[in-house]
Amino acid sequence: ARLFLQKLWKIVGSHRFQSIWWGDDGNCVVIAEKLFRKEVLGRRGPLKIFETESMRGFILQLNLHGFCRMEGDALVSASIEELQAVAAAGSALGKLLFYYNPFFQRDYPNLLRMCTQG
C-alpha cells in the first residue's frame with residue numbers, strides 16, 4: 001500500500017511528468033487524464049511505474065488509498081496562471097481530474113503514513 005503512495009508522491013513532485021502536478025496550494029493532485037494515460041500508465045518494462053495500465057485501475061487505487069475526487073468548484077482554488085496554462089495546453093492534456101486526500105499534501109510528506117488502504 002505504501003509503495004503506491006510513495007510512487008505517486010514522487011511523480012507528482014517530479015518535473016519529468018507534465019500530466020500530473022500538485023494543485024496550487026499543494027493539497028490536491030491534478031491529473032491531465034489523456035496525457036497521464038500515455039505518459040505514466042503507458043510505460044512498459046523497467047520504466048513502468050504503477051501496476052495498473054488503465055485509468056480506471058489507477059483511480060480505483062486512489063480511492064482505495066482514501067482519495068476523493070473534487071468537483072468543478074475546486075477549480076476556484078486554482079490560480080489564474082494555472083488555468084491559463086491548462087487552456088494553452090488544451091486538448092493534449094485531456095480532461096483534468098482533481099483528487100484530494102487530507103494526508104497527501106506537498107509540504108507534509110510525514111502525513112503519508114496516515115493514509116490508509118481501505
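Rules of the game
Residues numbered from 1 in each chain as written. Predicted model: local features only at pLDDT ≥ 70, side-chain atom pairs only at ≥ 80, totals over all residues. Heavy atoms only, no water. Salt bridge = Lys/Arg side-chain N within 4 Å of Asp/Glu carboxyl O. Helix = DSSP H or I, 4+ residues; strand = E, 2+ residues; numbered from the N terminus. Buried < 20%, exposed > 50% of the residue type's maximum accessible area, 1.4 Å probe, protein only. Pairing = 2+ DSSP bridges. Axes fitted to C-alpha atoms, helices over the stretch in contact; angles between N-to-C directions. Core = buried A, V, L, I, M, F, W, Y, C linked by side-chain atoms within 4.5 Å. Contact = heavy atoms within 4.5 Å. Expected span 1.5 Å × (residues − 1). Phe/Tyr/Trp six-rings, centres within 6.5 Å; stacked < 30°, edge-to-face > 60°.

**Student:** I tried to follow the pattern of salt bridges on my own but got confused; where do I start?
**Tutor:** Side-chain pairs of opposite charge can arise where the charged atoms are in close proximity. Taken as a whole, this structure holds four salt bridges when the rule is applied. Put simply, arginine 37 and glutamate 33 hold a salt bridge, and the shortest N to O gap is 2.6 Å. Of this pair, arginine 37 and glutamate 33 are both found in helix α2 (residues 33-41), four residues apart, which corresponds to roughly one turn of the helix. Classification of glutamate 33 as buried rests on a relative accessible area of 14%. Among the charged side chains, a network of salt bridges with common partners joins Arg44, Lys48 and Glu53.

**Student:** How do you make sense of the environment of glycine 13 when you look at a structure like this?
**Tutor:** Within the secondary structure, glycine 13 sits in helix α1 (residues 2-13). Look at glycine 13 and you get partly exposed, because its relative accessible area is 41%. Through-space distance from the C-alpha of glycine 13 to that of arginine 106 is 7.8 Å; in sequence the pair is 93 residues apart.

**Student:** Before we go on, may I ask you to explain the sheet that holds strand β4 (residues 96-100) in this structure?
**Tutor:** Within a sheet, adjacent strands bond to each other through the backbone by hydrogen bonds, running parallel or antiparallel. What the four strands build is an open sheet, ordered β1-β2-β4-β3; its pairing is antiparallel. Every interior strand has two partners, whereas the edge strands, β1 (20-22) and β3 (68-70), have only one. Neighbour-to-neighbour, the strand axes of this sheet turn through a mean angle of 35°, independent of strand direction. Sheet analysis places strand β2 (residues 28-32) next to β4, joined by five bridges and oriented antiparallel.

**Student:** What exactly am I supposed to notice about the nonpolar core here?
**Tutor:** For soluble globular proteins, the rule of thumb is that nonpolar side chains tend to be buried together. In this structure, Leu8, Ile20, Ile31, Phe36, Phe50, Phe58 and Phe104 are the most contacted members of the largest nonpolar core, which totals 26 residues. Those elements that place two or more of their residues in this core are α1, β1, β2, α2, α3 (55-64) and β4. Top element by residues in this core is α1. It accounts for six residues. The contact partners of isoleucine 31, leaving out residues within four places of it in the chain, are Ser19, Ile20, Phe36, Met55, Phe58, Leu62, Lys95, Leu96, Leu97 and Tyr99.

**Student:** Where do I start with α1 in this structure?
**Tutor:** Since the α-helix turns once every 3.6 residues, residues separated by three or four places project in the same direction. With 12 residues, α1 extends 17 Å from end C-alpha to end C-alpha; this agrees with the ideal 16 Å at 1.5 Å per step. All of the buried residues along α1 are Phe4, Leu5, Leu8, Trp9, Ile11 and Val12. Those residues of α1 that are buried lie in contact with β1, β2, α2 and α3.

**Student:** Could you clarify how one ought to interpret the packing of aromatic side chains in this entry?
**Tutor:** Centre-to-centre distance and the angle between the planes together describe a pair of aromatic rings. This structure, assessed with the given rule, holds eight aromatic pairs. Seen in terms of ring centroids, phenylalanine 36 and phenylalanine 58 are 4.7 Å apart; in terms of plane orientation they differ by 50°. Their pairing is tilted. Of the two residues, phenylalanine 36 sits in helix α2 while phenylalanine 58 sits in helix α3, which places them 22 residues apart along the sequence. Note on accessibility: phenylalanine 36 and phenylalanine 58 belong to one class, buried. Among the aromatic side chains, those forming a connected cluster through ring pairs are Phe4, Phe36, Phe50 and Phe58.

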